[in-house]
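Residues per chain are reported as follows:
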Amino acid sequence: MDLSFFTEVLVGGLLSGVMYSLVAIGFVLIYKTSGVLNFAQGSLLLFSALTFVSLIERGLPFWAGILITLAAMTAIGALIERVVLRPLVNQPPITLFMATLGVSYVIEGAAQLLWGTQVHGLDLGIDDRPLEISGVFVSTFDLFAAGVAGAMVAVLILFFRYTGIGLGFRAVADDPLAALSLGLRLDRIGTAVWTAAGMVALVAGLLWGARLGVQFSLSLVVLKALPVLVLGGFDSIAGAIVGGLIIGAVEKLAEVYIGPFFGGGIEGWIAYVAALGFLLVRPAGLFGQKLVERV
Amino acid sequence: MSDIAIKTGRRSLPGLSPQAFGVAALLAIAFGVVPLVGSEYLFDALLTPFLVLSLAGLGLNLLTGYTGQVSLGSSAFMAVGAYAACNLAFRLPGLPFLVDLVAAGVIAAAVGLVFGLPSLRLRGFYLAVSTLAAQFFVQWVFNKIGWFSNDSASGIVTPPPLSIAGIAVTSPVGRYLFTLSVVVAVTALVWRLVRSPTGSALIAVRDHETAARVIGIPVLRTKLLAFAVSSFVIGIAGVLWAFAYLRNVEPAGFNLDRSFQILFIVIIGGLASLRGAFLGAALIVIFPLGLARLGDALLGGLFDSGVLEMSQRVVLGLLIIVFLIAEPAGLSALVDRMTRRITPWITPWITAGRA
Amino acid sequence: MSLPNILRRAFFGAVLGSLALLPAVAAPADEQYFPLQSYRVGPYAAGGTGFFGGFIDYLNLIDIRDGGVNGVKLTWDECETQYEVERGVECYKRQKSHAGIAAWNPLSVGIAYAMIDDVTADKAPLITINHGRTDSTDGRVFKYVFPLLLNPYSETSGIVNYIAAREGGQDKLKGKKLVVLYHGSPYGKETIPIYQLLAEKYGFSLEQIEVPHPGNEQQSQWLTIRRAKPDYVILRGWGVMNPVALKTAQKVGFPVDHIIGNVWSNSEEDVIPAGDAAKGYTAITTQASGAEYPVLQEIVKTVYGAGKGNLEDKKRIGSVYHNLGIVNGILNVEAVRIAQEKFGHRTLTGDEVRWGFEHLKLDPARVEALGAKGLFHSINVSLANHEGEGRVTFQQWDGAKWKVVSDWIAPDWALLRPIIEKSSLAYAKEHSLPVRDPAVEEATN
């Protein structure tokens, strides 16, 4: 076997995996506090990228575009929490899930209504020439994306460790009833989490938008994040990161080395099968969370 | 997902209850009146797809509503049914179509059983996301392996024309009546099933797995049974979709959106309710069309069609949300409340009619 | 009123409203109607708005400038499909009751397939320009289906002929290596045997690699390509797969000017999202882009000047999909005109328009007279050949617009015809359809 090629596929897979993790983290934040599998995460991503690109194309400077989009995402996240999820509290998870599907229709429709159906290129100013490191080609852009993802995770960790809302968030995630009896304001924490999810969607939207171009299909990247969630756990940020890396690597290696035996194109489902296979062997999941069998 | 707990013990009136009366009346209209007055548009664009999707919803409801196992891969089993029936028809042309139909359902059930295996260890969203493996894998197989699509160059299969007992059923009304008959028959079977001890076992597994185990219900076998029966019903719906409705089959027709659509039917119609599947399908099939027609009629001149269509998507999403908030138990519960209000008014009338 | 009550009312209101609208209005005697199953929302909205925008713009031009075709006014209405088959079928069933239907133009393979039985029964032509069922080229079997200009097989041959021309002749293909990167769908797979056939014929080596739908992740495919070191990569993509392919090619260092796109990878929507990575990318087309052609100038002046232009964003005038829509408009209108010469200047039946399509012969001189010289080459449809020998050309993206970089190239129709006939005759047998004899029909017509 050609080792440098293998390394290349592996590194490419790991870096793609980081991109999956970026999307998965958005899911985790919300699932952890409210137990909702937020399918609208994909359309949030689309909305943020589309808004940002449209603002830039109308001549706004980069930082202003970021700020306005961030404000919009914060508002949308908070709005979803207030208007959609709060009235549905105590409903079965599947109902909440369907509600987020409804939300995704609204956001997708609104995004296109607001900014049109045209596709856009999104240039973050990173020249994506391959970088050669001892015979192995690595994508500059993917390295940059991995850096951004790392920074974002660091910010999230700091936020949860050292701010009042962050600590409250962890309390709620651990035991909502206890948190409530301690007098924590659950509603405020919910709003904060949805805001954070909106920001994560912005970062992921910009990076994915630069990779794919900004268009309707951007919302489909959630399908790449779901197996990561199954593998890493719906409620673990660390799981989302490690799961993303594993899924990315497995997916690429499988496509290159196993795919040819099946005629290729197996990437669409191999991630799901891999995640599933892993869970069947080790039902406790990646990080041994006892909660795989819950809900 | 033990909190999907909807009361099911509401049907208790013996004899010809108002409910049974209603069903009989509906059937009489569907078989006797509609074929005489309906138009091609009504059959091909509304009623046939409505019936097929109702059946698919019914199948998923067995799994999700009654047994509490969420599946996001329903359309994969529709695809299995559709492709199985096509291949049976192509490869064993001597077989009567009704045999194809049942055999295709059985094949879908077998595939469903395999993809139901993770349910033995996973629950909730973990299971739901795992069923996506079925969704993508099945689509890939039918796309990849030319044998399934009869090696058609384009990969789109055109099934042979529908023919029952040597009589070709090609008219829209004929296909509607055939679909209706199959749907009624399968619904009757499902109705029997959910009222049998097996049906109670399904519900017991949903409500409390440990308790179910304690009272001696074989939980694992019951779950797999639910997957198999549900896939059987959905598979039959797939056959109807291919032979009676669209009359061609392509993998993309059974994508994730279709699975979500079926799930919407179940949730909006009402979990663990046979009637819910039909109500939900009616809403999901007819409502967007009604909205489009209404939008065109009222605002067509004012906005260009793109704006109008996108607004409809927003409105559809909003309505789903509003509906879930206002009536989380589904249309079925809504109808229940309505009938409860109406029953006192019409019961004397029915009794008088019978006397 | 409680919320469920409002809902209930709204629901029944909507149902009643839609039922009330069911009966269609009959067209007056001098109108020819085009039912448009368009898609302006959903993932493919960008293509749909361009194509149907161009089509409507041309119909508008004929109405405004000429007062219709020989006094017969052209009318249309749109029914949104979102590119979904069931919505397309619903539209068909709704729009078919309209009087004076000229032809159906769904621009979706799935919808077109679902309509084949129905249009045959209802005797109305179904136009699938540049796409559709390849074997419907055989009009002897598929009487009402027209994959005008270019079917997938011809496209394949056209691309290989272009690469041969670039390499300096067909004999130069020998020993070259081609990779076909195709979309994981029936559409993507359709040309696999044809590329194999051509590889055997010309002696180039070939690798065909699938990208699973939707194609937003192609790292592994492009690494495989880089290892294979092909001379050319042919991109048979769809939607988001195209820009991602170009971006990923850049990522692995594959030269973009050696990527050749097929007919559904050739629009602005396919390259703009890829940004700089698309600069130098070349793709096949049946119609040049740009607004400099007389017919487009007239559309700008007459239609947009009157405020009736269909494109919201005027920058898109002359884009690939817009021009495809205009060419589609020209072909439809000319088929009606040709049929009118035979059957009279009045509203025609679908079957009469079908006759018009089967005699749709526009030579370069006629194309020039229509103001479309350089926009597309020519068409020559006959009873047996529903494609019409469309020529192709190749265009290169320079970062801002497409520039034509080749002559009009003819695919190798004679090579492909037997394969098409094999498939169409099998279809005829399966569906017990008659195979028409051109000689007999022309004599009786």
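Residues numbered from 1 in each chain as written. Chains lettered and ligands numbered in written order. Predicted model: local features only at pLDDT ≥ 70, side-chain atom pairs only at ≥ 80, totals over all residues.

1. What to know about the overall build of chain A
At step 1: Of regular secondary structure, chain A possesses 11 helices and 2 strands.
At step 2: Taken from the N to the C terminus, the helices and strands of chain A come in the order α-α-α-α-β-β-α-α-α-α-α-α-α.
At step 3: Over its C-alpha atoms chain A spans a radius of gyration of 19 Å, differing by no more than 12% from the 19 Å that the globule rule assigns to 295 residues.
At step 4: Taken along the three principal axes of its C-alpha coordinates, chain A extends 60 × 55 × 35 Å.
At step 5: Split into buried and exposed, the 295 residues of chain A put 59% on the buried side.
At step 6: For chain A, long-range pairs separated by at least 24 residues make up 73% of all intrachain contacts whose partners lie at least 6 apart in sequence. (Helix = DSSP H or I, 4+ residues; strand = E, 2+ residues; numbered from the N terminus. Rg over C-alpha atoms; globule rule 2.2 N^0.38 Å. Buried ≥ 20, exposed ≤ 12 C-beta atoms within 10 Å, placed from the backbone. Contact = placed C-beta atoms within 7 Å.)

2. Some thoughts on the overall build of chain B
At step 1: From N to C terminus, chain B includes 13 helices and 2 strands.
At step 2: For chain B, the C-alpha radius of gyration of 21 Å lies close to 20 Å, the compact-globule estimate for 355 residues.
At step 3: Dimensions along the principal axes, computed over C-alpha positions, put chain B at roughly 60 × 60 × 45 Å.
At step 4: A sequence separation of at least 24 residues applies to 79% of the contacts in chain B between residues at least 6 apart.

3. Remarks on the environment of Cys79(C)
Residue and element names in this part refer to chain C.
At step 1: Looking at where Cys79 falls in the secondary structure, it is placed in strand S2 (residues 73-80).
At step 2: Note: C-alpha distance between Cys79 and Arg94 (15 residues apart in sequence) is 9.0 Å.
At step 3: The contact partners of Cys79, leaving out residues within four places of it in the chain, are Leu36, Gln37, Cys91, Arg94 and Gln95.

4. Here's the deal with the packing of helix H10 (residues 237-262) of chain A against helix H8 (residues 219-228) of chain C
At step 1: Two numbers describe how H10(A) lies on H8(C): the axes approach to 9 Å, and their chain directions differ by 40°. Taken as axis vectors, H10(A) and H8(C) run oblique relative to one another. Note on packing geometry: the crossing formed by H10(A) with H8(C) is right-handed. On the side of H10(A), the interface is formed by Lys252(A), Glu255(A) and Val256(A), while H8(C) contributes Gln219(C), Ser220(C), Leu223(C) and Thr224(C). (Axes fitted to C-alpha atoms, helices over the stretch in contact; angles between N-to-C directions. Parallel < 35°, antiparallel > 145°, perpendicular 65-115°, else oblique. Left-handed = near helix turned anticlockwise from the far one by under 90°.)

5. Quick look at the pairing of S2(C)
At step 1: Alignment of strand S1 (residues 31-38) of chain C against S2(C), held across 8 bridges, turns out to be parallel. Within S2(C), the residue paired with Gln37(C) across the bridge is Cys79(C). (Pairing = 2+ DSSP bridges.)

6. Structural notes on the sheet that holds strand S6 (residues 205-211) of chain C
Residues and elements named next belong to chain C.
At step 1: With respect to topology, 7 strands assemble into an open sheet ordered S6-S5-S7-S8-S9-S12-S13, the strand pairing being mixed. Either end of the sheet is taken by a strand with one partner, and the two such strands are S6 and strand S13 (402-404). Between one strand and the next, the sheet's axes are offset by a mean angle of 25°, whatever the strand orientation.
At step 2: The pairing of strand S7 (residues 232-236) with strand S8 (residues 259-261) spans 3 bridges and is classified as parallel. Bridge pairing links Val233 to Ile259 in S8.

7. So, the interface of chain A and chain B
At step 1: Across the boundary between the two partners, chain A contributes 41 residues, which contact 37 residues of chain B.
At step 2: Listed by contribution, the elements that provide at least two residues to the side of chain A that touches chain B are helix H4 (93-115), helix H9 (222-232) and helix H11 (267-281) of chain A.
At step 3: A breakdown of the residues in the side of chain A that touches chain B according to their chemical character gives 29 nonpolar, 9 polar and 3 charged. (Nonpolar A, V, L, I, M, F, W, Y, C, P; charged D, E, K, R; others polar.)

8. Some thoughts on helix H11 (residues 274-299) of chain B
Residues and elements named next belong to chain B.
At step 1: Its 26 residues give H11 an end-to-end C-alpha distance of 37 Å, which sits within 8% of 38 Å, the value for a rise of 1.5 Å per residue.
At step 2: A maximum bend of about 30° is found in H11 at Ile286, where proline Pro288 lies one to four positions downstream.
At step 3: Of all 26 residues in H11, 21 are buried, a share of seventy percent or more. (Expected span 1.5 Å × (residues − 1). Bend = angle between axes of the 7 residues up to and from the residue.)

9. Some thoughts on unusual backbone geometry
All names here are of chain C.
At step 1: Along the chain, His213 connects to Pro214 via a cis peptide bond; the corresponding omega equals 0°.
At step 2: Looking at where Pro214 falls in the secondary structure, it is placed in the loop between S6 and H8.
At step 3: Residue Asn70 is not a glycine yet carries a positive backbone phi of 50°.
At step 4: Among the secondary structure elements, Asn70 is positioned in the loop between helix H2 (45-66) and S2.
At step 5: For Glu389, which is not a glycine, the phi torsion comes out positive at approximately 50°.
At step 6: By the element assignment, Glu389 lies in the loop between strand S11 (379-380) and strand S12 (393-397).

10. Thoughts on the pairing of strand S9 (residues 282-285) of chain C
For a regular strand, the rule is simple: side chains alternate between the two faces of the sheet.
All names here are of chain C.
At step 1: Every second residue of S9 is oriented toward a common face, with Thr282 and Ile284 on one face and Ala283 and Thr285 on the other, all of them buried.
At step 2: Relative to S9, S8 runs parallel, the two being bridged by 2 bridges. Residue pairing across strands places Ile260 opposite Thr282, the latter belonging to S9.
At step 3: Judged from the 4 bridges that link them, S9 and S12 form a sheet pairing that is antiparallel. Within the sheet, the bridge partner assigned to Thr282 lies in S12 and is Gln396.

11. Considerations on the environment of Gly166(B)
At step 1: Take Gly166(B): it is sitting in the loop between strand S1 (163-164) and strand S2 (167-168).
At step 2: Expressed as a C-alpha distance, the spacing of Gly166(B) and Phe97(B), which sit 69 residues apart in the sequence, is 9.4 Å.

12. Some remarks on the packing of helix H2 (residues 40-66) of chain B against helix H10 (residues 256-269) of chain B
All names here are of chain B.
At step 1: It is at 8 Å that the axes of H2 and H10 come closest, and there the two elements cross at 70°. Between H2 and H10, the crossing angle belongs to the class labelled roughly perpendicular. When H2 is examined against H10, the residues Leu53, Ala56, Gly57, Leu60, Asn61, Thr64 and Gly65 are found in contact with a partner set consisting of Ile262, Leu263, Ile265, Val266 and Gly269.
At step 2: Of the residues contributing to the contact of H2 with H10, the split by class is 7 nonpolar, 5 polar and no charged.

13. Some remarks on the nonpolar core
At step 1: The biggest cluster of nonpolar side chains holds 362 residues, and the ones touching the most others in it are Leu55(B), Val233(B) and Leu240(B).
At step 2: Structurally, this core is a two-domain feature, drawing no fewer than three residues from each of domain 1 (31-150 + 290-380 + 420-444) and domain 2 (152-285 + 395-407) of chain C.
At step 3: Contacts of Leu240(B), omitting those with residues within four sequence positions, involve Val52(B), Leu55(B), Thr179(B), Val182(B) and Tyr245(B). (Core = buried A, V, L, I, M, F, W, Y, C linked by C-beta atoms within 7 Å. Domains from an automatic or database assignment.)

14. Focus: the interface of chain C and chain B
At step 1: Across the boundary between the two partners, chain C contributes 36 residues, which contact 39 residues of chain B.
At step 2: When contributions to the side of chain C that touches chain B are tallied by element, the ones reaching two or more residues are helix H1 (3-20), S2, helix H3 (85-95), helix H4 (109-122), helix H6 (186-189) and helix H15 (413-430) of chain C.
At step 3: With 8 residues, the single largest contributor to the side of chain C that touches chain B is H1(C).
At step 4: Considered class by class, the residues forming the side of chain C that touches chain B number 14 nonpolar, 8 polar and 14 charged.

15. Structural notes on the environment of Glu84(C)
At step 1: Structurally, Glu84(C) can be placed in the loop between S2 and H3.
At step 2: Taking the C-beta count within 10 Å as the criterion, Glu84(C) has 20 such neighbours and is therefore assigned buried.

16. Overview of the confidence of the model for chain B
The predicted coordinates ought not to be read in detail in places where the model reports low pLDDT.
At step 1: In this model, chain B carries an average pLDDT of 87, and 91% of its residues clear a pLDDT of 70 or more.
At step 2: Model confidence for the complex is summarised by a pTM of 0.90, with the ipTM given as 0.89. (pLDDT = per-residue confidence, 0-100.)

17. What to know about H10(A)
Residues three or four positions apart in an α-helix share a direction because the helix packs 3.6 residues into each turn.
At step 1: Of all bends in H10(A), the biggest is about 45°, found at Glu255(A).
At step 2: Looking one or two residues past H10(A), Gly263(A) carries a phi angle of roughly 85°, positive in sign.

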